[in-house]
Structures are given as structure tokens and as C-alpha cells.
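# Analysis of the macromolecular model
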Amino acid sequence: MVNTAVNIGGIPLKNPVIAASGTFGYGLEFSPLLDLNDLGGIVVKGLSLNPYPGNPPPRIIETTGGMLNSIGLQNIGVDAFIKEKLPLLRNHDVAVFVNIFGHTIEEYVRIARRLSEAEGIAGLEVNISCPNIKKGGMAFGKEPKQAGLLTKRIRKATSLPLMIKLTPQASDIADVAKRVEGEGAESISLVNTFLGLAIDVDTAAPLLSTITGGLSGPAIKPIALRMVWEVAQKVSIPVVGLGGIASYRDALEFMIAGAQAVQVGTANFINPTTCREIIHGIKEYLKAKHIDDINQLVGSLNLPGHETTSD
Ligand SMILES: Cc1cc2nc3c(=O)[nH]c(=O)nc-3n(C[C@H](O)[C@H](O)[C@H](O)COP(=O)(O)O)c2cc1C
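The following paragraphs examine the structure supplied in this document.

What counts and what doesn't
- As a convention, each chain's residues are numbered from 1 in the sequence order in which they are written.
- Thresholds applied to this predicted model are a pLDDT of at least 70 for local features of residues and 80 or more for the giving and counting of side-chain atom pairs; totals over whole chains, interfaces and linings are not thresholded and use all residues.
- Think of the side-chain values as coming from all heavy atoms in the structure, minus any hydrogens and water.
- If even one non-hydrogen atom of a residue comes within 4 Å of a molecule or strand, that residue is called near it.
- Pairs of N or O atoms are called polar contacts if they sit within 3.5 Å, as long as, within protein, a hydrogen donor faces a hydrogen acceptor (for residues adjacent in sequence, only side-chain-to-side-chain pairs).
- Methods summary: accessible areas were calculated by the Shrake-Rupley approach with a probe of 1.4 Å, and residue burial reflects only the protein chains presented.
- Secondary structure counts use DSSP, requiring at least four H or I residues in a row for a helix and at least two E residues in a row for a strand, with both numbered from the N terminus.
- Residues were grouped as follows: Ala, Val, Leu, Ile, Met, Phe, Trp, Tyr, Cys and Pro as nonpolar; Asp, Glu, Lys and Arg as charged; and all remaining residues, including Gly, as polar.
- Note on terminology: a nonpolar core comprises buried Ala, Val, Leu, Ile, Met, Phe, Trp, Tyr and Cys residues joined through side-chain atoms within 4.5 Å.
- A 1.4 Å probe rolled over the protein chains alone gives each residue an accessible area, and that area as a share of the maximum for its type sets the label: buried under 20%, exposed over 50%, partly exposed in between.
- Contacts are assigned to residue pairs with any non-hydrogen atoms lying within 4.5 Å of each other.
- Orientation is described by axes fitted as lines to C-alpha atoms, over the contacting stretch for helices, and by angles from 0 to 180 degrees between their N-to-C directions.
- Oblique is the label for every angle not falling under 35 degrees (roughly parallel), over 145 degrees (roughly antiparallel), or within 65 to 115 degrees (roughly perpendicular).
- Note on convention: near helix rotated counterclockwise from far helix by under a right angle means a left-handed crossing. Clockwise means right-handed.
- One side-chain nitrogen of Lys or Arg within 4 Å of one carboxyl oxygen of Asp or Glu is enough to make a salt bridge.
- Here, any two strands with at least 2 DSSP bridges between them count as paired.

The local shell around the ligand holds 23 residues, among which Ser-21, Lys-165, Gly-217, Gly-244 and Thr-266 are the closest. In the model, an oxygen atom of the ligand is placed 3.0 Å from a nitrogen or oxygen of the Val-191 main chain. About the coverage of the ligand: the protein hides 98% of its 610 Å² of free accessible area. Going through the elements one at a time, strand S4 (41-47) and strand S6 (66-69) are the ones with two or more residues in the shell around the ligand. Among the residues forming the shell around the ligand, the class breakdown is 7 nonpolar, 14 polar and 2 charged.

Now the structure itself:
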């Protein structure tokens, strides 16, 4: 038997594979397609205080090696989630992370408080990284000081473990990571999408209603991996890596770079059973390599002749 269990800032996961926010609905939509109990965790679609319609279409387009989206955080709102989705979700043996976003610090704080009263939530994933809303979101994640302040305020408002989700749009993502760690975050996830643009050359018009959108999928994997590697060297809290993961080998790359767990996003749209296949692939890999504990792989990047810096 190999051990695939990991611990993300006090949250035990039976394996390190988590479905990423916005690509797995509220989890329940996927239960006819795969057994949610097989997953390490689920991050539900980003929730706001009130229901939110998101941006007008077109808001998803396919690009080379990935997709651009500008959904704009359409969601049912925190109260409907607690009433309609959570009671069904907590019947499963899977860690449920609730992704939250706000336009102001006060809004984040109020959502966090509301969710603290609910039962069955393993932790909050705080989205300070969405490129598709006009106010709030990514604005907090680009600035270490703002990110720190927001983390501090949410930390005071809830005892739920906090995973802060970082944006690759920050000029120094490791700096943001250090700041949120210093303000009490239990873990960090990265990355959210990269800001992108696509144009219809026949009409010279942008393909998305919002002009720009967030790029995800295999196209971003090497950049996300580099960022995870950089951040993992700078912080001592667990790092959860994501960006373009579509196979168990992709997932292992992130773990070797220093991630203690991974999230799978866009790949769920192509094959809804990707998470299950990745878990199976990881187990087979560990057996074949005679590694009895997945945690041995974390940060095991082999750099012959190189010194890595850590401070
Ligand atoms: C359609 C879509 C919706 C998303 N919605 C959210 C969201 O609500 N909250 C969030 O933090 N990230 C959201 N994301 C970002 C993903 O969780 C993930 O960070 C990103 O897509 C990179 O991972 P991937 O390449 O595996 O998809 C969304 C991504 C997509 C493609």
C-alpha cells in the first residue's frame, strides 16, 4: 500500500488531487460522472454575498492549448449555496473548499463570517486573483500590501482554514505569498488565469464581450509550474499548484516543484473523469517507483550542481 494522504494547512486529504474552482460547478453536477468520494478535495465555484449574473456572452472561447474565459464569477450567492448545495455535498467523504470573492474587504469578511456558521466546510479558498471582475478580485492579489491586509481581516473574521489563491499578474508572486503567510493564511494556491486577448480578424472585434479574459489550460502550465517552484521556496505553509494540469505526470511535476497538492481545472471540461485518472496514475507511479509515501516527492526537484535559495 502506498500513502497518498496529504495535509493542507490542517486539512487532511486522502489524496492530493482537488477539482479547481469554476471548472467543477458546486461539485454535485459531477456526481453522475464520477464518485466524489474518490477525490482529495473539491473547490466550489466562487461565491459572493449576493447572487451574481456574471458577464454577458460570448464569455468562453477556445485558444491554442487552452481557453479564454470571462465568466465574471456568475454564482448563486452564499446563502443559496449553504441552503441548497452544502447539505448534499457534506454527505460525501471529500474535503469541500469554498471559493469566495468580494468587491471590497468588507464583502469578503461578511461571506467568510456567513460560511463560518455553516457545517461541512473544510476551508475557504480566497480568490484574490480573478481577472474578470471590474472591482476587487485581482486588484487585491497584485499588491502584496493589499493581499496582506485582506488576509488579516478575513483571518480575524473566521476560524476556518484559509487558502489564498494568487494571481500570476502580480509583479512578484512570491512576495504576495510571503505577505499572506505572515498574516495567517494556512495555505496558498496558485495560479489563477493569465489575462489574455483574442481577436476575430474578419471583423477586427475581440472574441470576448469583455475584450480580455483569463487564459487557462495546458498553454499556461510551464509558467504556473515555475511560479509554484519559486513560491514553494519562499514560504513554509503548504502550496497547492495548478495551471494546465491534465495528466498524472503534470500533477507530479507540480509536486516535485514543491506543491503539496494540485488542482485540476480546464481539463475537467475536456474529460470530466480527469481527476480520477490522475489519482490512479499517481498511485501506479508510486508503486512502480517503490515510493511508499507521496509526501516524499514534494519539493524533490533534482538540481545537480545547483544551489536553491530559501529564506
Ligand atoms: C470557466 C472558468 C471559471 C473559473 N472560475 C473561477 C472561480 O470562480 N474562482 C477561482 O478562484 N478561479 C476560477 N477559475 C480559475 C481556475 O480555478 C484555475 O485557477 C485556472 O483555470 C488555471 O487552472 P487550469 O489551467 O487547470 O484550468 C476559473 C477558470 C475557468 C476556466
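As a further point, take the nonpolar core. One broad trend across soluble globular proteins is that nonpolar side chains are buried collectively. Residues Phe-81, Val-98, Leu-115 and Leu-190 are the most contacted members of the largest nonpolar core, which totals 95 residues. Contacts of Phe-81, omitting those with residues within four sequence positions, involve Tyr-26, Val-44, Leu-47, Ile-76, Leu-86, Pro-87, Leu-89, Val-98 and Leu-115.

Turning to unusual backbone geometry, a few remarks are in order. Note the cis peptide between Pro-57 and Pro-58, where omega equals -5 degrees. Its place among the elements puts Pro-58 in the loop between S4 and strand S5 (60-63). Look at His-290: it is not a glycine, yet its phi comes out positive at around 55 degrees. Positionally, His-290 belongs in the segment after helix H9 (274-288).

Turning next to the packing of helix H7 (residues 248-256) against H9. Orientation of H7 relative to H9, taken along the N-to-C sense of each, is 70 degrees, at an axis distance of 8 Å. Here H9 runs roughly perpendicular to H7, going by the angle between their axes. Between H7 and H9 lies a crossing of right-handed hand. Of the residues in H9, those touching H7 at Tyr-248, Ala-251 and Leu-252 are Ile-278, Gly-281, Ile-282 and Tyr-285.

In this structure the tally under the stated criterion is 9 salt bridges. The residue Glu-284 makes a salt bridge to Lys-287 at a minimum N-O spacing of 3.2 Å. Taken together, the residues span about one helical turn, with Glu-284 and Lys-287 both in helix H9 at a distance of 3 residues. Here the salt bridges do not stand alone but share partners, grouping Asp-79, Arg-114 and Glu-117 into one network.

The 4 strands lie next to each other as S5-S6-S14-S11, forming an open sheet whose pairing is antiparallel. Single-partner strands in this sheet number two, and they are S5 and strand S11 (194-197). Going across the sheet, the axis of each strand differs from the next one's by a mean of 40 degrees, ignoring polarity.

Before going further, it helps to spend a moment on the pairing of S4. A regular strand places its side chains on the two faces of the sheet in alternate fashion. Along S4, 7 of the 7 residues are buried, which leaves the element largely enclosed by surrounding structure. By the bridge criterion, 2 bridges tie strand S3 (residues 17-19) to S4 in an arrangement that is parallel. Counted as the bridge partner of Ile-18 is Gly-41 from S4. Bridge count for S4 against strand S7 (residues 95-100) is 5 bridges, and the pairing is parallel. Bridge pairing in S7 links Val-44 to Val-98.

The next point concerns the environment of Asn-55. Mapped onto the elements of the fold, Asn-55 is located in the loop between S4 and S5. Judged by its relative accessible area of 19%, Asn-55 is buried. Spatially, the C-alpha atom of Asn-55 lies 5.6 Å from that of Ile-71, the residues being 16 residues apart in sequence. A polar side-chain atom of Asn-55 sits 2.9 Å from the main-chain carbonyl oxygen of Ser-70.

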